[in-house]
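Listed here are the chains, written in short residue letters.
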Amino acid sequence: MGVYTNRESLSNALLPFRKGKKIGFIPTMGALHNGHLSLVKQALNENDCVVVSIFVNPTQFDNKKDLEKYPRNLDADVKFLSQLEGTLFVFAPEASNLYNGPVISKKYTFGNIEHEMEGKHRKGHFDGVGTVVNLLFRAVMPDQAYFGEKDFQQLQIIRKLVAIEKLPIRIVNCPIVREPNGLAMSSRNKRLTEQQFNDAVLINKTLSEVKEKFSALSIPALNKLVVERFLKNTSLKIEYFEIANERTLKTAKRKYKNSSYRAFIAVYAGEIRLIDNMALS
Ligand code: PAF
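Residues numbered from 1 in each chain as written. Predicted model: local features only at pLDDT ≥ 70, side-chain atom pairs only at ≥ 80, totals over all residues. Heavy atoms only, no water.

### Overview of the UniProt feature "binding site: beta-alanine" (unreviewed entry) in the chain
At step 1: UniProt records the feature "binding site: beta-alanine" (unreviewed entry) for Gln60 in the present numbering.
At step 2: Here glutamine 60 is to be found in the loop between strand E3 (49-54) and helix H3 (64-69).
At step 3: For glutamine 60, a relative accessible area of 10% gives the class buried.
At step 4: Look past the residues within four positions of glutamine 60 in its chain and what remains in contact with it is Met29, Arg122, His125, Gly128, Val129 and Val132. (UniProt positions renumbered as here; feature names shortened; annotations may be inferred. Helix = DSSP H or I, 4+ residues; strand = E, 2+ residues; numbered from the N terminus. Buried < 20%, exposed > 50% of the residue type's maximum accessible area, 1.4 Å probe, protein only. Contact = heavy atoms within 4.5 Å.)

### Overview of the UniProt feature "active site" (unreviewed entry) in the chain
At step 1: The UniProt feature table records "active site" (unreviewed entry) at His36.
At step 2: By the secondary structure assignment, histidine 36 is in helix H2 (residues 34-46).
At step 3: Discounting chain neighbours no more than four positions away, the residues touching histidine 36 are Thr28, Gly30, Ala31 and Ser187.

### Let's talk about the sheet that holds strand E9 (residues 272-279)
At step 1: One open sheet holds the three strands; their spatial order is E7-E8-E9, and the pairing between them is antiparallel. Edge positions in the sheet fall to strand E7 (236-245) and E9, since each of these pairs with one other strand and no more. When the angles between neighbouring strand axes are averaged without regard to direction, this sheet yields 15°.
At step 2: As judged from the eight bridges shared by strand E8 (residues 261-269) and E9, these two strands associate in the antiparallel manner. Opposite alanine 263, over in E9, you have methionine 278 as the bridge partner. (Pairing = 2+ DSSP bridges. Axes fitted to C-alpha atoms, helices over the stretch in contact; angles between N-to-C directions.)

### Some words on the nonpolar core
At step 1: Core analysis: the biggest nonpolar cluster contains 43 residues, and Val51, Phe89, Phe91, Phe137 and Ile171 have the highest contact counts within it.
At step 2: Here this core takes eight residues from helix H7 (residues 125-140), the largest share from any one element.
At step 3: Among residues more than four places away in sequence, those in contact with valine 51 are Leu10, Leu14, Ile23, Gly24, Phe25, Ile26, Phe89, Phe91 and Val140.
At step 4: In terms of nonpolar packing, the next biggest core, distinct from the first, is built from 26 residues, Ile219, Val226, Phe241 and Ala269 among them. (Core = buried A, V, L, I, M, F, W, Y, C linked by side-chain atoms within 4.5 Å.)

Here is the structure:
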C-alpha cells in the first residue's frame, strides 16, 4: 500500500489504472474506524484499485476548536488499512498541495437542501465540503466514490456537486455502521468519555422509537417525544431534531402519502457534536 502526499505522485501511481480499469475512492478526514473500513471493503470488491484520502479539511469547520481537536494519526490510519487485501492507495496531501492556492471555499449554489439542518447550523460547511471534495475528485478522478449515509445531507450535496462540476463519477450510498451499542460510528466518537459514549446510546434508541411509532403518531407528537427523552438525560443536548422529506430534506410538519421520510438529529455530548439519522418509511 503506497502513501502519497501530493497530487502529482498520486496521479503517476494511478496511471496504470486509467484505461479499462475501475478506480474506487473514499474521501475521509482520517481517524479511521470500522465504518470507513466497510466502505473500503465494498470499494475493493467493486473496483480494480481504491484510493482513500486522509485530509482534515479546514474550510468545512465552522468551529475552530472542533478543527483543532479533530483526531489525527496518519500512522495509525495507514496501519489500520494495511489489514486489508487489495490494491490500495492512501492520499494524504498537505493543504497547500491540494488547494494549490489560498485555502478558502468556493461559493456553491446547491439549492434548498443546503439551507436545511447542517446547513442552517454550520454556516459555510457545505461550501467547504463541496470545495474539498471537488479538489479531491479532480486529483483522484475515480469511477466510483463511496459515502456513508450517516452524513445523509452531505451525500445529497455531493450528488449535486458532481452535477454542477460535470464530473463523470458514480456516487455510491453506503449504510450507517453502528457500534455494538447502536451509536453511529464516527471519528468524533474517539473523543467521547466512557460515560458520554454510554449515554450517547440514547440517540439511536430514540431514533428507533420514532421509527417504531412513526405510523401511529403525528409529527408534532414525535417531535415532543424526542424532546422529552433528551430532557431526562443531562449529558446530551439536542441541537436539532427534524423529521424531513427524504428527497427534498424539507422539514415535515405532517405526513403525505407517497412521500418518504427520515429522522435527523444533532446532539452535543459536552463539546463533541454527534449526528445520526434513520429512514422512517
Ligand atoms: O465526511 C467527511 O469525512 C468529510 O466531510 C469529507 C467528505 C471527507 C470531506 O472533507
